[in-house]
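Now for the letters of each chain:
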Amino acid sequence: MNKQLKVVKSSYDPKDVTMLVKDITGLVNPVTVAEKDEMVKNGAFERAIMIKEYPMNQEYEDYITSRFDMYIPSTAVAVASVAEQIYKAKGNDLVLVSIVRAGIPIGILIKRYLAHTYHVEIPHYAVSLVKGLDDNAMKYILSKHKAGGIQFIDGWTGKGTVTNELVDSAKNYAGVDASLAVLSDVTGLAKYAGIRDDFAVPSAPMNACATGLVSITVFNNDVVGPDDFHGAMYLEDLESHDHSRAFVDMVTEYMISHNLTIIPETHPAVYLECPEVAKDIGVDMKKLNPGINEAARAILRRDLKELLVRRADDWDVQVIVSLARMKGVAIREYPLKTYKAISVAK
């Protein structure tokens, strides 16, 4: 690790997570999604490009936050259930390594649950995954902890991109378990999951404003040197819209004040539905964002053609259906088998 390296700050309490990400705030010029797409068409590496993030529409923001309470109980149960699984597997050697960004609040909640339930202080790091794990971040963690205790954390599974990158990348680190622990998994890709179903995680639609005001990570040789961590920016201009601490505090309060029913661990067969859906509706699979949480994020940051839902009256999809209507996105009931929602980009 470069001892002169400045790591990016987040809006979380530093006791909750150690950010192993270089601060490149002010060193890159973020671009719009349309500009990024044009740059990629011209040969640029997509994950070397920083995307400009804008404040949420106030109506959108107010609607999401007013409905946090709807999904806090299921989120708390999922956190407790997956925390029990990984603590049973790795005990006090456990080291939480959250994938930036969606994994960070989940790692914080798992850390807090274990501290409250078992009175243990589990280390928690946030690392970047861009064409594989950040090598300098992994070397830093391995210099301080046992390889076998590392557990990668994310929010949910989608098309399997993160899982595949982890499996390929973890081969470079002897003894490191490439498995993923998530709150929601319908694919069977995650070894550990709180709930093997598609359910709404309240932080999902808010992107940076519920993940510590940290941007996406980039691996750009102009600002990331050979001894640096991958880079990210602190999005100070979004501070007035930040709900990162509020979200984890609400879930924490629910966890410690209720007697939670732990969901038994299961290991279903892997089944990926997206290729079938893409073929059936005649689109490139890259245009699909599968699952309630990925679809919710896409509503904010992508130009959508439509939102496919298994049932428009399903309680779990009520928030994203309403958000889609706010943005004028068409909603179509479609016979999804595992997911409850899939967004389709234009």
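Now for a look at the structure at hand.

Rules used throughout
Residues numbered from 1 in each chain as written. Predicted model: local features only at pLDDT ≥ 70, side-chain atom pairs only at ≥ 80, totals over all residues. Heavy atoms only, no water. Helix = DSSP H or I, 4+ residues; strand = E, 2+ residues; numbered from the N terminus. Rg over C-alpha atoms; globule rule 2.2 N^0.38 Å. Buried < 20%, exposed > 50% of the residue type's maximum accessible area, 1.4 Å probe, protein only. Contact = heavy atoms within 4.5 Å. Areas by Shrake-Rupley, 256 points an atom, 1.4 Å probe, with all protein chains shown as cover. Lys, Arg positive; Asp, Glu negative; His and termini not counted. Charge placed at Lys NZ, Arg CZ, Asp CG, Glu CD. Pairing = 2+ DSSP bridges. Axes fitted to C-alpha atoms, helices over the stretch in contact; angles between N-to-C directions. Phe/Tyr/Trp six-rings, centres within 6.5 Å; stacked < 30°, edge-to-face > 60°. Lys NZ or Arg CZ within 6 Å of the ring centre and 35° of its normal. Parallel < 35°, antiparallel > 145°, perpendicular 65-115°, else oblique. Nonpolar A, V, L, I, M, F, W, Y, C, P; charged D, E, K, R; others polar. Salt bridge = Lys/Arg side-chain N within 4 Å of Asp/Glu carboxyl O. Expected span 1.5 Å × (residues − 1). Bend = angle between axes of the 7 residues up to and from the residue.

### A look at the overall build of the chain
Right, so step 1: Looking only at helices and strands, the chain features ten helices and twelve strands.
Right, so step 2: Relative to its length of 346 residues, the chain is compact, with a C-alpha radius of gyration of 19 Å against a globular reference of 20 Å.
Right, so step 3: Considered along the principal axes of its C-alpha atoms, the chain spans approximately 50 × 50 × 40 Å.
Right, so step 4: Counting every position in the chain, which comprises 346 residues, the buried fraction comes to 57%.
Right, so step 5: In the chain, the proportion of contacts linking residues at least 24 apart, taken out of those at least 6 apart, comes to 77%.
Right, so step 6: Working note: accessible area of the chain is about 14900 Å², and carbon and sulfur atoms make up 50% of it.
Right, so step 7: If you average the places of the 39 positive and of the 45 negative side-chain charges in the chain, the two averages end up 3 Å apart.

### Thoughts on the sheet that holds strand β10 (residues 304-309)
Right, so step 1: With respect to topology, four strands assemble into an open sheet ordered β9-β12-β10-β11, the strand pairing being mixed. Each having just a single partner strand, β9 (288-290) and β11 (330-333) make up the two edges of the open sheet. Ignoring which end each strand starts from, the neighbouring axes of this sheet average 20 degrees apart.
Right, so step 2: As judged from the five bridges shared by β10 and strand β12 (residues 341-345), these two strands associate in the antiparallel manner. Following the sheet pairing, Leu308 is matched in β12 by Ile342.

### Digging into the packing of aromatic side chains
Right, so step 1: In this structure the tally under the stated criterion is five aromatic pairs.
Right, so step 2: The interplanar angle of 35 degrees and the centroid separation of 4.7 Å between the aromatic rings of Tyr87 and Tyr118 together place this pair among those described as tilted. Taken as a pair, Tyr87 in helix α3 (residues 68-90) and Tyr118 in helix α4 (residues 103-118) lie far apart in primary sequence, 31 residues in all.
Right, so step 3: Centroid distance Tyr125 to Tyr140: 6.4 Å. Interplanar angle 80 degrees. Geometry classified as edge-to-face. A residue pair is termed long-range when its members are at least 10 positions apart, and Tyr125 in strand β4 (residues 124-127) and Tyr140 in helix α5 (residues 135-142) qualify at 15 residues.
Right, so step 4: Here the aromatic residues Tyr125, Tyr140 and Phe229 are joined through ring pairs into a cluster of three or more.
Right, so step 5: Here Lys52 stacks its cationic end above the ring of Tyr54, 5.7 Å away from the centre of that ring.

### A closer look at the packing of α3 against α4
Right, so step 1: Here α3 crosses α4 at 75 degrees, and the two axes come no closer than 9 Å. Compared by their axis directions, α3 and α4 come out roughly perpendicular. Along the contact surface, α3 presents Val79, Ala80, Val82, Ala83, Glu84, Ile86 and Tyr87, while α4 presents Leu109, Ile110, Tyr113, Leu114, Thr117 and Tyr118.
Right, so step 2: Here the contact of α3 with α4 is composed, by residue class, of eleven nonpolar, one polar and one charged.

### Description of the environment of Leu94
Right, so step 1: As for its position among the elements, Leu94 is in the loop between α3 and β3 (95-99).
Right, so step 2: Setting aside its immediate chain neighbours within four residues, Leu94 contacts Ile86, Tyr87, Leu114, Ile122, Pro123, Gly149 and Gln151.

### Notes on the pattern of salt bridges
Right, so step 1: Evaluated as defined, the whole model comprises 20 salt bridges.
Right, so step 2: Here Lys90 and Asp177 are joined by a salt bridge, their closest N and O atoms 3.0 Å apart. Here Lys90 is found in helix α3, whereas its partner Asp177 is found in the loop between α6 (161-170) and β6 (180-184), with 87 residues between them in sequence.
Right, so step 3: Judged by relative accessible area, Lys90 falls into the buried class, the value being 13%.
Right, so step 4: Through salt bridges that share partners, Asp16, Arg112 and Asp249 make up one connected network.

### A short note on the environment of Asn259
Right, so step 1: Among the structural elements, Asn259 can be located in the loop between α7 (244-257) and α8 (274-281).
Right, so step 2: Residues Asn259 and Val77, spaced 182 residues apart in sequence, show a C-alpha to C-alpha distance of 9.6 Å.

### Topic: α3
Right, so step 1: Under the 1.5 Å per step criterion, the end-to-end length of α3 is 32 Å for 23 residues, consistent within 8% with the ideal 33 Å.
Right, so step 2: At Ser74, α3 shows its strongest bend, of approximately 25 degrees.
Right, so step 3: Burial analysis of α3 places 17 of its 23 residues in the buried class, the great majority of the element.
Right, so step 4: With its phi angle positive at about 55 degrees, Gly91 sits one or two positions after the end of α3.

### As for the side chain of Ser81
Right, so step 1: Take Ser81: it is sitting in helix α3.
Right, so step 2: Given the relative accessible area of 0%, Ser81 is considered buried.
Right, so step 3: With residues near it in sequence (within four places) discarded, Ser81 still touches Gly194, Thr261, Ile262 and Ile263.

### A closer look at the pairing of β12
Right, so step 1: In terms of residue burial, β12 counts as a mostly covered element, since five of its five residues are buried.
Right, so step 2: Burial of the side chains of β12 extends over both faces: Ala341, Ser343 and Ala345 are buried on one face and Ile342 and Val344 on the other.
Right, so step 3: The pairing of β9 with β12 spans three bridges and is antiparallel. From the neighbouring strand, Pro290 faces β12, where its bridge partner is Ile342.

### Describing the sheet that holds strand β1 (residues 18-19)
Right, so step 1: Taken in spatial order, the six strands make up an open sheet running β1-β4-β3-β5-β6-β7, and their pairing is parallel. A single partner strand is all that each edge strand has here, and the edge strands are β1 and β7 (192-195).
Right, so step 2: One ladder, built from two bridges, connects β1 with β4; its direction is parallel. Each residue of the ladder has a partner; that of Met19, found in β4, is Ala126.
Right, so step 3: Of the strands in this sheet, β3, β5 (150-153), β6 and β7 touch α3, which is tilted by about 155 degrees from β7.

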